Each structure stands twice: as C-alpha cells, then as structure tokens.
Amino acid sequence: MMGPLVKKKKEVWERLELLAQGAKFDVSCASSGVTRNNKASFLGNASRFGICHTFTSDGRCISLLKVLLTNQCHNDCAYCVNKRSNHHPRTFLSPEELAYVTYQFYRRNYIEGLFLSSGIIRSADYTLEKMIDTVKILRRKYGFDGYIHLKILPGASEATIVEAIRWADRVSVNLELPTPQSLVKLAPEKNMKELLSIIELISKKIDEFRENPSGYNAKGGQSTQLIVGASPESDLIILTLSQQLYKKYKLKRVYYSAYIPVNQDSRLPAVSTPPLIREHRLYQADWLIRFYGFTVDELLSPDSPNLEEGYDPKLAWALRNLHYFPVDIMKASYYELLRVPGIGPISAKRILNYRKHTSLSLESLKKLGVVIKRAKYFITINGKMIDQKAKVDFLQSFVFKPQPKMTQLELFF
Amino acid sequence: MRKENHSWLQELVCRFDQNLKKQSKLRQDSLFKQEISSLAQLLANVDKDVLKVLYYYSLSEKDRFFEDLKQIVSLVSAGKERLIFSDPAFFHIYKTANRVRREIHRYKGFLRFKEVKGGYLYAAFEPEFNVIIPLARHFANRFRNEKIILHDRKRGLAVFCHKGHMIQAEIIKPIPQETEEETFFSNLWKKYFETLAIKERENLTGQKRNVPLKYRKFMVEFEP
Ligand code: SF4
C-alpha cells in the first residue's frame, strides 16, 4: 500500500515537527513497567528499565514517539510552549495519520511505542476522545501491541478517562507545580484539588481493572511530572508531595523536570540555565524513598529544606548519622545494608545471598557490586574495619571536599 | 525484472537443523543445548541464573568456552555450586556474559529495520558477539506478522523470521532496493530525532556513552 501520507511528504513533516516540538519538554518517556507475554521483554534486573531506542544530543533516552495531537490550546499556562498567548503556527495530525506514523516507526524498531499528549481544543473531553481514537486505530487496525502512554487532560469526563485507561499501558496527569498557590499563579485554568481528584480516580480505576482480562487497563500505572525551579517551593515541599503520591495514590513515577525558560512571561522567574543538578538530586532522593526505605523527614527538615548540591542525598544522610555506622556486612539486615553509601538494592541482596554460604572479603564485595571507595568508611567485615585509616576525621575531610562539578547527568537510572 | 526480488527469499537457505554441523558459526547455540542434554543429570540441578550466564558466555565465542564449561561442571558435581559466584574462574565468565547480555539489550533498541521491495524488513548489523539468535527470538516475537531478516555482516549470518518462526538463512543475492515509503519514513524519523534535542541540556559525552559509535553505522538518525 502506498500510504496517502507519502504524497503529502513535506507537509506531514512540518506538522510532525511542530507537534514534536510541543511535546519534547515532557520528560516522562520511560516505556518500562509493562511486560506482556508476546513482547518477551528482557529478563532479570533490566526489565524495569525498558528499552532505549536512541539517545538525543542531550543524552536522553528515546523510547517512545512523543508527540501532540495538536499544539493548539485554549489554556494559558505560563511555562508551556503551547499556551494560547504564544504566537506560533498551530497544527494537528489526525488520529489516522498519527496511528500510521507510529505503526511505521514501530515496525522499523525506531520506537517502543507512543506517548501522546495534546493541547486542549474545543473541550478536554473532545480532545481526549480524539487521542483515544488514535490508540484504537493503532490497536485494532494495525494490530499494535506496543506501549502507549496517554496524557489525561484535566477537565475530561470520568467516562472518557476510564476509556483512556482501558486502551493505554500508562496514563498520567501532570501536576507541574507542587502547591495550589503556584498553580493558580502559573496555570490559572488548573487547580490542585481537581488534579489530585483525577489522580485519585485513576488510581481507583486502575485497581478496579487489575483483574480484568480484557483491555490494557494501564497496567504500567500512572505517573506525573513536576517542574523544578519555576516556582519558589523547596525540595522538602516537592518530595513530601511525591511521597504522598507514591503512598496514597500508588503512582509509579514522579518525574522532575528542570525548568527551562521557553516563554517570556512576567509570571516566571528569570533563570539563565536550567537547575540540572537540583533535578538530579531530586531523582536520587526520590529513588531513596521508593527503593531504600527512606522517608522525606530523614533526608530534609524545615531547617534544611533543600538537598545539598555537592554530594548525593544518601551520603549526606550518612554524614549526619555517623552513630549509625559502622554496619557489619556479615550481620546487618537488608535495610541496614541499604543505608550504606556504595551499597544498592542489588548488591545488598547479593550480600545476603552469599554470606549464607561463605565469608565475604573485600575482593568478593567488589565482585558483588559494592562501591568500595564509598562503602569502606561505613562498614566492617566480621567486626573488622576494612581500612584502618578510615577514621571519622579522615572521613569528614574526604567527604566535605566538594565533589567536582558534574558533567554528566543520569536521568534514567 | 523486479520479479526476481521476490524469489531471492526462496534462495535463502533454510536449514537451521540439518545444516548446523556444517555451519560452524551458528554452532554454539545448539551445541550448547546438546552439551546440556548430555550433561543433563548434572546440569538439571544447576541454578537457572548460572545456566543463563553460561548461555550468554557461549555466545561470546571465546575459545575457552568448553574448557570453562567443564570446569563449572566439575564444580557443580563436587557440590560446590553455591560457591560459583565467588569462584575466580567463574567471575571472568560472568563478566564476559554480562558484556554479551548488554550487547543484546542494546541491539533490541538500536537495531534498525529497512523496508525493502518484496515486503521484507531487513536489518544489518555487526555485533561484537554472536547474538543473532537471541535477537531474532526477540524480534520474531515482536513483529509476528512481518517478514524480517536479520543479517550479521561480520559473521555472514542471517536469520529469517515470520509468524513466530526463525529460520537460518543465507544471503546470496544483493539486498533489494528500499521502498518509497522507507525513504519517506526514515527521513521523517531522522528529522523527528533532530527536533527532540533540547539545546539547553546538550550532553554529547552522555550521548556517546549511551550509543557507542559502533552502533551508529546502521542507525538512520546518525547517518550524515
Ligand atoms: S493546558 Fe497543557 S497544553 Fe495547554 S497551555 Fe496548559 S500546559 Fe500547555
């Protein structure tokens, strides 16, 4: 079949470019979290990382075709390129066109699936329905079983939101700002209470559909995104919100996006470079909360409400809690091991496994994936310190030496 | 004239089973299975993780594979299997196996298919290790209804997959021309890729670390 798209070559490209431009600042692109039988996804510890199909020149993993149905919008959110008061060309791709491009990209192995968002035209409900149409065409007409992430538009009806959940692998509503005040100021058409109630509805529906054999039912869960640095909130406020989102609404991921000034808008702070290190530290702290059993109160307090830039939050915690150390490798529990800088979930599990059968040495710890350079100050093996020089004062001089400025940022760990 | 393009597939040699012994390059995958069956009693009890490591290691085509395998088997028969992960001999096997596994994982994302005349999706690559079979398994499953060809140009190996089947093949004619849609969609992808970059966050070292140059040769978006 000679696709009708090919005839409109130039024009299709111009529209896709505009719609990709409008979507690219949304960072929640991970394709992970869903494993379907027919997809035979990678086994072992990599399964939850998903598959990257390429990396952009800013080092980000590209896994999904990330695009808008339309970049036209009747809202006017300060931080958004698509806001009503911006003057740039507006366009759209029809559900059929979008589905066809996605299918063609997928079968060439360019992408793992589709991430579809949109500006709001006519009404949120109307727009979300068009987005769902795209998904239905892909699933039914092209037999597409790949990954689909749908953005839920605030203001859509419950019935339409449920329909979106039924057809997508993951859904998300972006909170964007961590407090009602900032939201009112920067996104006047949105309000926190409404956004949270949608998140709650989604979390309820995903639970309800969990055992339902028909449909896709957003088995990959829901996620959200927060912009960092466009409003004055501290890391404490941001992470407290994230912790609540994970606990109460069982979100799979909260994404943090360093604010990049894309608009001239008097409501926004003047910044020259995006706060990338802060974003990186937030991801690390978020990781500690989800996988290491840390709580926000342990990492931050009203007296020091922001994460340190100079070193990672786990090391910072360890230094404030030296009384907790040293931890003995042969005796400590899983969660005690996890508190040691240089030991992560994988190496902690391996330690538990292997110490049952054999005594561990410095060498074997290395092989189990422990970062000795960091861990040696905090551990003993059968009561013995690894490095006799590793006294506390030495430790402090080591640690308080500011770390060299980071040049590489790991966005997806 | 174009007709012969349709028959080039028929000329792909589909003898995955009979030909294994002659086609020494594809050997280890099935040889490994044979070894497993002859060593069945011993290996039946071997931890699945260890087997998996040995499988990946076999794909590395290291000369020492059979010696190493024997050593592992002797460890297992001496009842020392639990100590394998702290055994120095196993450690180098484990490290190599991990490199193989990483290459497979990367190719799952980085392999690029081209639509060529006759309705085939064709992917060429030059992997460091002999990973064509696990990759074919992945893509045969993913693109069930497509007729796909994976072509390891370094080893001169090819596998054809369709409807969940995998068949060893031989490329004996030039690959047919790409279709018009192929030109269109690969260009569309290239341009899409270029717009994605956020210049405020440029990080070329990160990009190089994540997509090493050896993969880029076959990726449309990195073509000059
Ligand atoms: S509603 Fe969405 S697309 Fe519209 S201006 Fe706000 S953030 Fe942008």
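Residues numbered from 1 in each chain as written. Chains lettered and ligands numbered in written order. Predicted model: local features only at pLDDT ≥ 70, side-chain atom pairs only at ≥ 80, totals over all residues. Heavy atoms only, no water.

So, the interface of chain A and chain B
Interface size, as often reported, equals the accessible area lost upon joining of the parts.
Moving on, step 1. Every contact between the two is made by 62 residues of chain A and, on the other side, 56 residues of chain B.
Moving on, step 2. Taking both partners together, chain A and chain B bury about 5600 Å²; carbon and sulfur atoms supply 59% of that area.
Moving on, step 3. For E146 of chain B, the salt bridge identified is with R107 of chain A, shortest N-O distance 2.8 Å.
Moving on, step 4. Inspection of the chain A/chain B interface yields 17 residue pairs in polar contact (both at pLDDT 80 or more).
Moving on, step 5. Every element with two or more residues in the side of chain A that touches chain B is listed here: α1 (4–7), α2 (9–23), β1 (54–55), β3 (64–68), α3 (95–107), α9 (276–291) and α13 (345–355) of chain A. (Contact = heavy atoms within 4.5 Å. Buried area = accessible area lost by both parts, 1.4 Å probe. Salt bridge = Lys/Arg side-chain N within 4 Å of Asp/Glu carboxyl O. Polar contact = N/O pair within 3.5 Å; in protein donor to acceptor, adjacent residues only side chain to side chain. Helix = DSSP H or I, 4+ residues; strand = E, 2+ residues; numbered from the N terminus.)

Some words on the site of the ligand
Moving on, step 1. Taken together, C73, N75, C77, C80, K83, G119 and K190 of chain A make up the full set of residues near the ligand.
Moving on, step 2. In the shell around the ligand, the residues fall into 3 nonpolar, 2 polar and 2 charged. (Near = heavy atom within 4 Å. Nonpolar A, V, L, I, M, F, W, Y, C, P; charged D, E, K, R; others polar.)

Examining the confidence of the model for chain A
Moving on, step 1. Mean pLDDT over chain A stands at 83; residues scoring 70 or higher make up 85%.
Moving on, step 2. Here residues 28–49 of chain A scores under 50 on pLDDT; set against residues more than four positions off or in separate chains, the count is 61 contacts. (pLDDT = per-residue confidence, 0-100.)

Concerning unusual backbone geometry
Residue and element names in this part refer to chain A.
Moving on, step 1. Residue P326 is bonded to the preceding F325 through a cis peptide linkage, with omega at 0°.
Moving on, step 2. Along the chain, P326 turns up in the loop between α11 (313–320) and β9 (327–328).
Moving on, step 3. A positive phi angle is found at N109, which is not glycine, with a value near 65°.
Moving on, step 4. One non-glycine residue, N382, adopts positive backbone phi at about 50°.
Moving on, step 5. Within the element layout of this structure, N382 appears in the loop between β10 (379–381) and β11 (384–385).
Moving on, step 6. Residue N382 is classed as partly exposed on the basis of its relative accessible area, which comes to 46%. (Buried < 20%, exposed > 50% of the residue type's maximum accessible area, 1.4 Å probe, protein only.)

Considering the sheet that holds β11 of chain A
All names here are of chain A.
Moving on, step 1. In space, the 3 strands of this open sheet follow the order β9-β10-β11, with mixed pairing throughout. Sheet topology places β9 and β11 at the edges, where each strand pairs with a single neighbour.
Moving on, step 2. Sheet topology note: the β10/β11 ladder contains 2 bridges and is antiparallel. Residue pairing across strands places T380 opposite M385, the latter belonging to β11. (Pairing = 2+ DSSP bridges.)

So, the pattern of salt bridges
Moving on, step 1. As enumerated under the stated definition, the model contains 31 salt bridges over all chains in all.
Moving on, step 2. With its nearest N and O atoms 3.3 Å apart, the salt bridge here joins E11 of chain A to R15 of chain A. Here the residue E11 of chain A and the residue R15 of chain A both occupy positions in helix α2, the gap between them amounting to 4 residues, near one helical turn.
Moving on, step 3. A relative accessible area of 35% means that E11 of chain A is categorised as partly exposed.
Moving on, step 4. For R15 of chain A, a relative accessible area of 10% puts it in the buried group.
Moving on, step 5. A salt bridge links K190 of chain B to E223 of chain B; its shortest N-O distance comes to 4.0 Å. Of this pair, K190 of chain B sits in helix α8 (residues 180–196) while E223 of chain B sits in the segment after α10 (213–216); the two residues are 33 residues apart in sequence, bridging distant segments of the chain.
Moving on, step 6. On the basis of relative accessibility, which here comes to 17%, the residue K190 of chain B falls in the buried class.
Moving on, step 7. One salt-bridge network, held together by shared partners, links R107 and R108 of chain A together with E115, E146 and E182 of chain B.

A short note on the packing of helix α4 (residues 48–59) of chain B against helix α6 (residues 88–110) of chain B
Residues and elements named next belong to chain B.
Moving on, step 1. Interhelical geometry of α4 versus α6 gives an angle of 70° and a closest axis separation of 8 Å. The pairing of α4 with α6 is recorded here as roughly perpendicular in orientation. On α6, the residues touching V50, V53, L54, Y56, Y57 and L59 of α4 are F90, H92, I93, Y94, T96, A97, V100, R101 and I104.
Moving on, step 2. When grouped by side-chain class, the residues that make up the contact of α4 with α6 number 12 nonpolar, 2 polar and 1 charged. (Axes fitted to C-alpha atoms, helices over the stretch in contact; angles between N-to-C directions. Parallel < 35°, antiparallel > 145°, perpendicular 65-115°, else oblique.)

Considerations on the packing of aromatic side chains
Moving on, step 1. Evaluation of the coordinates by the stated rule reveals 31 aromatic pairs over all chains.
Moving on, step 2. For the pair Y106 of chain A and F144 of chain A, a centre-to-centre distance of 4.7 Å together with 70° between the ring planes defines the contact as edge-to-face. Of this pair, Y106 of chain A sits in helix α3 while F144 of chain A is found in the loop between α4 (124–141) and β5 (147–151), placing the two residues 38 residues apart along the sequence.
Moving on, step 3. Under the relative-accessibility criterion, Y106 of chain A is labelled buried at 8%.
Moving on, step 4. Measuring from centroid to centroid gives 4.8 Å for Y110 of chain A and W189 of chain B, while their planes differ by 15°, and the two rings are stacked. Placement of Y110 of chain A in the loop between α3 and β4 (113–117) and of W189 of chain B in helix α8 is noted, with the two residues assigned to different chains. Residues Y110 of chain A and W189 of chain B agree in their burial class; the two are buried.
Moving on, step 5. Aromatic ring contacts, followed pair by pair, group Y100, Y103, F105, Y110 and Y142 of chain A together with F184, F185, W189 and Y192 of chain B into a single cluster. (Phe/Tyr/Trp six-rings, centres within 6.5 Å; stacked < 30°, edge-to-face > 60°.)

Some details on the state of the cysteines
Between two cysteines, a covalent bond joining their sulfur atoms is known as a disulfide.
Residue and element names in this part refer to chain A.
Moving on, step 1. Under the criterion given, the structure shown has 1 disulfide over all chains.
Moving on, step 2. The disulfide partner of C52 is C61, and the gap between their sulfur atoms is 2.2 Å. Measuring the twist about the S-S bond at about -110°, one finds the C52-C61 disulfide to be left-handed. (Disulfide = S-S within 2.5 Å.)

So, the sheet that holds strand β6 (residues 170–172) of chain A
Residues and elements named next belong to chain A.
Moving on, step 1. In space, the 6 strands of this open sheet follow the order β3-β4-β5-β6-β7-β8, with parallel pairing throughout. Unpaired on one side and paired on the other, β3 and β8 (253–258) mark the two borders of the sheet. Neighbour to neighbour, the strand axes of the sheet diverge by 20° on average, direction disregarded.
Moving on, step 2. Relative to β5, β4 runs parallel, the two being bridged by 4 bridges. Counted as the bridge partner of F115 is H149 from β5.
Moving on, step 3. Sitting on the sheet, α3 is in contact with β3 and β4, with an inclination near 160° to β3.

Overview of the nonpolar core
Moving on, step 1. Counting residues in hydrophobic clusters, the biggest one holds 176 residues, and the most contacted among them are L150 of chain A together with L150 of chain B.
Moving on, step 2. Per-element accounting of this core gives the leading share, 9 residues, to helix α7 (residues 192–209) of chain A.
Moving on, step 3. Contact partners of L150 of chain B, with chain neighbours within four places excluded, come to L111, F113, A123, F125, I132, L135, A136, F139, L157, A158 and V159 of chain B.
Moving on, step 4. Core analysis: the next-biggest nonpolar cluster, separate from the first, contains 9 residues, V116, Y120, A169 and F218 of chain B among them. (Core = buried A, V, L, I, M, F, W, Y, C linked by side-chain atoms within 4.5 Å.)

Let's talk about α4 of chain B
Residue and element names in this part refer to chain B.
Moving on, step 1. Between its terminal C-alpha atoms α4 stretches 17 Å, which fits the 16 Å expected from 12 residues at 1.5 Å a residue.
Moving on, step 2. Those residues of α4 lying buried are V50, V53, L54, Y55, Y56, Y57, S58 and L59.
Moving on, step 3. Just downstream of α4 lies E61, where phi reads positive at about 60°. (Expected span 1.5 Å × (residues − 1).)

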